[in-house]
Amino acid sequence: MKKNTKDLKSPRNPESKLARHIVTLPKSGIRDFFELVNTMDDVISLGIGEPDFVTPWTIREGSIYSLERGHTSYTSNLGLPSLRKAICEYVAENYKADYDPAHECIVTVGVSEALDLAVRAITNPGDEIIYNEPCYVSYYSEIRMAHGVPVPVPTYEKNNFALDPADLEKAVTPKTKAILLNFPCNPTGATLDMEQLEAIADIARRHDLLVLSDLIYSELTYSGHILPAISSLPGMKERTVFLHGFSKAFAMTGFRIGYACGPFEIIDTMMKIHQYSMLCAPITAQEAAEEALRNGKRDMESMRREYMNRRNVIVKGFNRMGLSCFMPEGAFYAFPNITSTGLSSTEFAKRLLMEQRVAVVPGNAFGKSGEGYVRCSYATSMEKIREALKRIDAFLKSLKKS
Ligand code: PLP
């Protein structure tokens, strides 16, 4: 029988064929904005959340060598054993947390996939997941896609955007399943100290909660020392999933390699989803990642120092022109407070783009508590940062005149 294509399209209700929980998800607030940016000339973009450095040569060479040797096959679902071993050694050395590469580590397609697997592996419909906000744009939707309930806990400039343990504890209910942490934080650049980490661990233990810890920016910490993983604290290893990857500190966004370390039952459950959806991460990129761990640390350190110099210039620049800006201790974002202009984040970002050709991301793209701020990435050259600062200063002066 001939199919009635009109019926398939359901003109009266085109969404009836689609999954309701996906249809009702908002699109990323910054997409339309950056589509507009792409059509404009002479724009300085402080909007990009990825390193402006090309992946260090030794790592690129690692991927070329992998291809030269004809390594073009699938790998084990969990990832190359040699890479998992290198990852676990790296995690033990830098984060004081011990994992067994055979059973407690999985290599994924970016930390994005690791996060997705972790959330899907632990969430039953209606389970609540608490996270610090303003936060990475994916968290809310990731949780919703797993039929969970996102519970943002606002963080504040007056507390250096750290997660206040008292606020966190107030958000815990009988339905809370996990706390999702991201420090250093995108978009605020905030970090935690040991005392705050211990307080969060204490809440997780007392309420029997899991912790998903997204450490994608952790090497980009400007105090110079990386905080031990929350899983290294007493009673935490069995309830923590350590999420990390190579995109930011090794400038490897396009390689798409991340990983998760955690208790066997959780990693094994994540593996099932990974096995049926992704199968494995690409072998060329896995071998490049192994090279990054072996020989990429010097390059990583020089990028970190350059980000720190840029951070100092951009934050000083904002404060000098009268926009109060918290000094971020990690990641590569400044988050100036723009409330003194009387504009909303979106108005500020739109007018700055149209009037001075500088692209920044409105803070409300990172959750309600980001309103009143804009995110400015300093993963761009010092020259562009200085020019952007001049243009922003001119924009502020024009606002005062009008
Ligand atoms: N987590 C945070 C906090 C991020 O900012 C990003 C990217 O911007 C990711 C995860 C995704 O990283 P990946 O490239 O490893 O998927």
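Here, the structure is the one placed above.
Residues numbered from 1 in each chain as written. Predicted model: local features only at pLDDT ≥ 70, side-chain atom pairs only at ≥ 80, totals over all residues. Heavy atoms only, no water.

Asks: I would appreciate a short explanation of the overall build of the chain in the present structure.
Replies: Counting secondary structure elements, the chain contains 14 helices and 12 strands. In summary, the chain has a C-alpha radius of gyration of 22 Å against a globular reference of 21 Å for 402 residues, a match within 12%. Viewed in the frame of its principal axes, the chain has a C-alpha envelope of about 65 × 65 × 50 Å. Relative to its full complement of 402 residues, the chain shows a buried share of 53%. Summarising the internal contacts of the chain: among those between residues at least 6 apart in sequence, 76% fall at separations of at least 24. If you sum the accessible surface of the chain, you get close to 18400 Å²; carbon and sulfur atoms cover 53% of it. Averaging the locations of the 48 positively and 48 negatively charged side chains of the chain gives two centres separated by 7 Å. (Helix = DSSP H or I, 4+ residues; strand = E, 2+ residues; numbered from the N terminus. Rg over C-alpha atoms; globule rule 2.2 N^0.38 Å. Buried < 20%, exposed > 50% of the residue type's maximum accessible area, 1.4 Å probe, protein only. Contact = heavy atoms within 4.5 Å. Areas by Shrake-Rupley, 256 points an atom, 1.4 Å probe, with all protein chains shown as cover. Lys, Arg positive; Asp, Glu negative; His and termini not counted. Charge placed at Lys NZ, Arg CZ, Asp CG, Glu CD.)

Asks: Help me understand the pattern of salt bridges in this model?
Replies: Pairing is possible between side chains of opposite charge, provided their charged atoms come close. Summed over all chains, the structure comprises 20 salt bridges. For the salt bridge of Glu104 with Lys237, the shortest nitrogen-to-oxygen distance reads 3.1 Å. Residue Glu104 is located in the loop between helix 5 (81–95) and strand 2 (105–108), and its partner Lys237 is located in the loop between strand 6 (210–214) and strand 7 (240–245); the two are separated by 133 residues in the primary sequence. A relative accessible area of 16% means that Glu104 is categorised as buried. Salt bridges here are not isolated pairs; linked through shared partners, they connect Asp42, Glu387 and Arg391. (Salt bridge = Lys/Arg side-chain N within 4 Å of Asp/Glu carboxyl O.)

Asks: Any chance you could explain the side chain of Ser247 here in plain terms?
Replies: Locating Ser247 in the fold gives a position in the loop between strand 7 and strand 8 (258–261). Residue classification places Ser247 among the buried positions, given a relative accessible area of 7%. Each residue touching Ser247, except ones within four places of it in the same chain, is listed here: Pro51, Ile216, Met252, Thr253, Arg256 and Ile257.

Asks: Quick question: what am I supposed to make of the layout of surface pockets here?
Replies: To find the voids left in a structure, one rolls a probe of water-molecule size over its atoms. Approximately 610 Å³ is the volume found for the largest pocket. Lining the largest pocket are 25 residues, with Gly49, Tyr136, Asn186, Lys248 and Tyr333 positioned closest to its centre. No other element matches the 3 residues that helix 6 (residues 110–122) contributes to the lining of the largest pocket. Taken together, the residues that form the lining of the largest pocket break down as 12 nonpolar, 8 polar and 5 charged. Around the second largest pocket, the lining comprises 19 residues; the ones closest to its centre are Pro26, Val137, Tyr140, Ser141 and Ala365. Contributing elements (two or more residues each) for the lining of the second largest pocket: strand 3 (128–133) and helix 7 (138–145). At 3 residues, the largest contribution of residues to the lining of the second largest pocket is made by helix 7. Residues belonging to the lining of the second largest pocket are distributed by class as follows: 10 nonpolar, 6 polar and 3 charged. (1 Å grid on protein atoms, 1.4 Å probe; cavity = no way out; pocket = protein on both sides within 12 Å on 5 of 7 lines; lining within 4 Å. Points joined across faces, edges and corners; volume = space filled by probe spheres on them. Nonpolar A, V, L, I, M, F, W, Y, C, P; charged D, E, K, R; others polar.)

Asks: Whenever I open this one, the side chain of Arg375 confuses me. Can you help?
Replies: Residue placement: Arg375 occurs in strand 12 (residues 374–377). Buried Arg375, no salt bridge; nearest opposite-charge side chain is Glu50, N-O distance 9.9 Å. In terms of polar contacts, Arg375 uses its side chain to reach the side chain of Asn186, at 2.8 Å. Every residue in contact with Arg375, bar those within four places of it in the chain, is listed here: Leu46, Gly47, Ile48, Gly49, Asn186, Pro187, Tyr333, Ala334, Phe335, Val360, Val361 and Phe366. (Polar contact = N/O pair within 3.5 Å; in protein donor to acceptor, adjacent residues only side chain to side chain.)

Asks: Help me out: how do you make sense of the site of the ligand in this one?
Replies: The immediate surroundings of the ligand are formed by 13 residues, with Ser112, Asp214, Tyr217, Ser247 and Lys248 found nearest. Backbone polar atom of Val111 to an oxygen atom of the ligand: 2.8 Å apart, as the coordinates give it. Between a nitrogen atom of the ligand and a side-chain N or O atom of Asp214, the distance comes to 2.6 Å. Placement of the ligand is best described as lying within the largest pocket. Ranked by the residues each element gives to the shell around the ligand, the list is headed by helix 6, at 3 residues. (Near = heavy atom within 4 Å. Sits in = over half its atoms within 2 Å of the grid points.)

Asks: For this particular structure, what's the right way to read helix 7?
Replies: Every α-helical turn comprises 3.6 residues, leaving residues that sit three or four positions apart pointing alike. Looking at helix 7, one finds that the buried residues are Tyr139, Ser141, Glu142, Ile143 and Arg144. Where helix 7 terminates, the next one or two residues include His147, which has phi positive at roughly 65°.

Asks: I keep staring at the nonpolar core and nothing clicks. Help me out?
Replies: When a protein is soluble and globular, its nonpolar side chains tend to lie buried together. Of all hydrophobic cores here, the largest spans 136 residues; its most connected members are Ile87, Phe246, Ile314 and Phe318. Contact partners of Ile87, with chain neighbours within four places excluded, come to Cys105, Val107, Phe246, Tyr259, Cys261 and Leu293. (Core = buried A, V, L, I, M, F, W, Y, C linked by side-chain atoms within 4.5 Å.)

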